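# Structure assessment
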Amino acid sequence: MKKGNLVILNAQEVVTCSGFKGKSGSEMQNLGVVTHASVIVEDGIITKITKDPVDGSAFEKKGFKVIDASGKCVLPGFVDSHTHLIFGGYREDEYNNRLNGMDYMEIMNRGGGIINSVRGTQESSKETLLEVGIKRLNSMAGFGVTTVEGKSGYGLDLETEVKQLEVMKELNKMHSLDIVTTFLGPHARPIAYKDNPDAFIDFMIEDVLPVVDENGLAEFADIFCEKNVFSIEQSKRFLLEAKKRGFKLKIHADEIVQLGGAELAAELGAYSADHLLQASDAGIDAMRAAGVVATLLPCTAFSLKEPYARARFMIDQGLVVALATDFNPGSCFTESIPLLIALATNQMGMTIEETITALTINGAAALDRADQIGSIDVGKKADLTVHEFPSYKFLPYHIGVSTVEKVIKNGVLILD
Ligand code: NIG
Ligand code: FE
């Protein structure tokens, strides 16, 4: 990937989100804002954040790209740490049925839902998936996202799971955004295993996980732990095997029914537990003690018309809370960061400071990358966004509208 030399001159606010690990509880409020500051980037890495005057033309002569950010604010690129961005086909009818009162799990139990997208993904060629992948990544970049996680899970067979992961690997090389891949083989019960989920877990452990592992196709492993999908025992069995092989763990936990996924994430030392709409007090406390990131997905709760996760309570309990879109074709067909910010701040009781922390350094922590991205610190990758307004306080205020003007990835201006 290209790495650039670049200077951002005289920003009204440089919102550093400074730190090299996830921020918990009240630390999330501290954005480390430096006013009237410039940022210097060399070879894709941040080398200086300074309030001293910087001679832009001298840098220009040395071949640096110079961006005048007077009257604007600069933030780290957003880290969307939970998406299902590669899938074939769409489920617009299901969404409209849900708007008219049908239930997400009812659709799934009747053979629709995830299985519908599995069919679409099995039938899509690699080329088609690459094509839609690029379009989706471009859209995400437009919202200021510079690193995105992507899960498999619309294959449920060896060939298609591998195809999805290979497409993401390929996109990671082709596109300027960084993609972190997660193997989510146990995402639903395929029709052939409808009444025998244990046998499907065996298949995943014996036939698919080894191939994903040996070919280095994913860094994380994940499972949909949910009533009528995979139980706590099945989830534990799969995740333990994945951990033995060196995968880092994530878990779709306590989304619709409280099963104890939060507790399981803590027990297994997962990097994150995601959704958590129904997580118990004990599960939240266990996650805090084990340092598991709570990744909340408000756009999904909105789309499903479910109650939001207890963000305020989790932060007050001292958790590391991240926010992500959960972009997928079923429960949440949106990659919109402005919508996410609106929901977090207006509906979940999070401050904008906490929201920005959750979308930057804490998203990076959920992906085990808080030492490399997620903040404007010397030594980190220069993944930056320039916003049209002088303060980060405009982000929730301009409701549902992106404030992003420029996006910089590894010191290269990728969106102007
Ligand atoms: O994170 N909850 C499970 N998986 C996805 C939904 C996938 C789908 O409906 O296609 C989620 O919400
Ligand atoms: Fe998800």
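Residues numbered from 1 in each chain as written. Chains lettered and ligands numbered in written order. Predicted model: local features only at pLDDT ≥ 70, side-chain atom pairs only at ≥ 80, totals over all residues.

Bringing the pairing of strand β5 (residues 73–76) into the picture now. Sheet topology note: the strand β1 (residues 6–15)/β5 ladder contains 2 bridges and is parallel. Following the sheet pairing, Glu 13 is matched in β5 by Cys 73. (Pairing = 2+ DSSP bridges. Helix = DSSP H or I, 4+ residues; strand = E, 2+ residues; numbered from the N terminus.)

It is worth spelling out unusual backbone geometry at this point. Positive phi is not limited to glycine here, since Asp 254 has a value of about 50°. Of note, Asn 410 is a non-glycine position whose phi angle comes to about 50°, a positive value. Among the structural elements, Asn 410 can be located in the loop between β15 (404–409) and β16 (412–415). Asn 410 sits in the buried class, given 20 other C-beta atoms within 10 Å. (Buried ≥ 20, exposed ≤ 12 C-beta atoms within 10 Å, placed from the backbone.)

When the domains of the protein chain are assigned, the result is domain 1 (6–76 + 375–415) and domain 2 (79–366). If you average the C-alpha positions of domain 1 and of domain 2, the two centres end up 29 Å apart. At the interface, 30 residues of domain 1 touch 31 residues of domain 2. Taken together, the elements giving at least two residues each to the side of domain 1 that touches domain 2 come down to β5, α16 (394–397), β15 and β16. Taken together, the residues of the side of domain 1 that touches domain 2 break down into 16 nonpolar, 9 polar and 5 charged. (Domains from an automatic or database assignment. Contact = placed C-beta atoms within 7 Å. Nonpolar A, V, L, I, M, F, W, Y, C, P; charged D, E, K, R; others polar.)

Turning our eyes to something else, we now look at the sheet that holds strand β13 (residues 321–323). What the 8 strands build is an open sheet, ordered β6-β7-β8-β9-β10-β11-β12-β13; its pairing is parallel. Among the strands making up the open sheet, the edge pair consists of β6 (78–80) and β13. Bridging between strand β9 (residues 220–221) and strand β10 (residues 248–253) involves 2 bridges; their strand directions are parallel. The residue of β10 that forms the bridge with Phe 220 is Lys 248. Where helix α14 (residues 352–359) meets the sheet, its contacts fall on β6 and β13, and the angle it forms with β13 comes to roughly 80°. (Axes fitted to C-alpha atoms, helices over the stretch in contact; angles between N-to-C directions.)

Looking now at helix α8 (residues 232–244). For α8, which comprises 13 residues, the first-to-last C-alpha distance of 18 Å matches the rise-based estimate of 18 Å (1.5 Å per residue) to within 8%. Every buried residue belonging to α8 is among Ser 235, Phe 238, Leu 239 and Ala 242, and all of these are buried. End-on view of α8: buried residues confined to an arc of 95°, all on one side of the axis. What points out from α8, more than 90 degrees from its buried face, is the exposed set Glu 233 and Lys 244. On its buried side, α8 packs onto α7 (197–214), β9, β10 and α9 (261–268). (Expected span 1.5 Å × (residues − 1). Arc of directions from axis to C-beta.)

Moving on to the UniProt feature "binding site: Fe(3+)" (unreviewed entry) in the protein chain. Look at the UniProt record and you will see "binding site: Fe(3+)" (unreviewed entry) annotated at His 82, His 84, His 252 and Asp 326. These residues run over 245 residues, yet every pair of their C-alpha atoms falls within 12.2 Å of each other. Secondary-structure assignment places His 84 in the loop between β6 and α2 (92–99). In this structure, His 84 is in contact with Lys 151, Gly 153, Phe 327 and Asn 328, ignoring residues within four places of it in sequence. Once you skip the residues sitting within four places of it in the chain, His 252 turns out to touch Asp 222, Ile 223, Phe 224, Cys 225, Glu 226, Asp 274 and His 275. (UniProt positions renumbered as here; feature names shortened; annotations may be inferred.)

On to the UniProt feature "binding site: N-formimidoyl-L-glutamate" (unreviewed entry) in the protein chain, then. Mapped onto the present numbering, the UniProt feature "binding site: N-formimidoyl-L-glutamate" (unreviewed entry) falls at Tyr 154, Asn 328 and Gly 330. Spatial clustering of the annotated residues is evident: they stretch over 177 residues in sequence, but the largest pairwise C-alpha distance comes to 11.2 Å. As for its placement among the helices and strands, Tyr 154 is situated in the loop between β7 (145–151) and α6 (158–174). Residue contacts for Tyr 154: discarding those within four places in its chain leaves Phe 87, Ser 117, Val 118, Thr 121 and Gln 164. Within the fold, Asn 328 resides in the loop between β13 and α13 (337–347). On the neighbour-count criterion, Asn 328 (25 C-beta atoms within 10 Å) is buried. Those residues within four positions of Asn 328 in sequence are excluded, and the remaining contacts are His 84, Phe 87 and Phe 333.

For the rest of this paragraph, the subject is the environment of Asn 5. Along the chain, Asn 5 turns up in the segment before β1. Separated by 55 residues in the primary sequence, Asn 5 and Glu 60 place their C-alpha atoms 9.8 Å from one another. Setting aside anything within four residues of it in sequence, one finds Asn 5 in contact with Val 41, Glu 42, Asp 43, Gly 63, Phe 64, Lys 65 and Gly 411.

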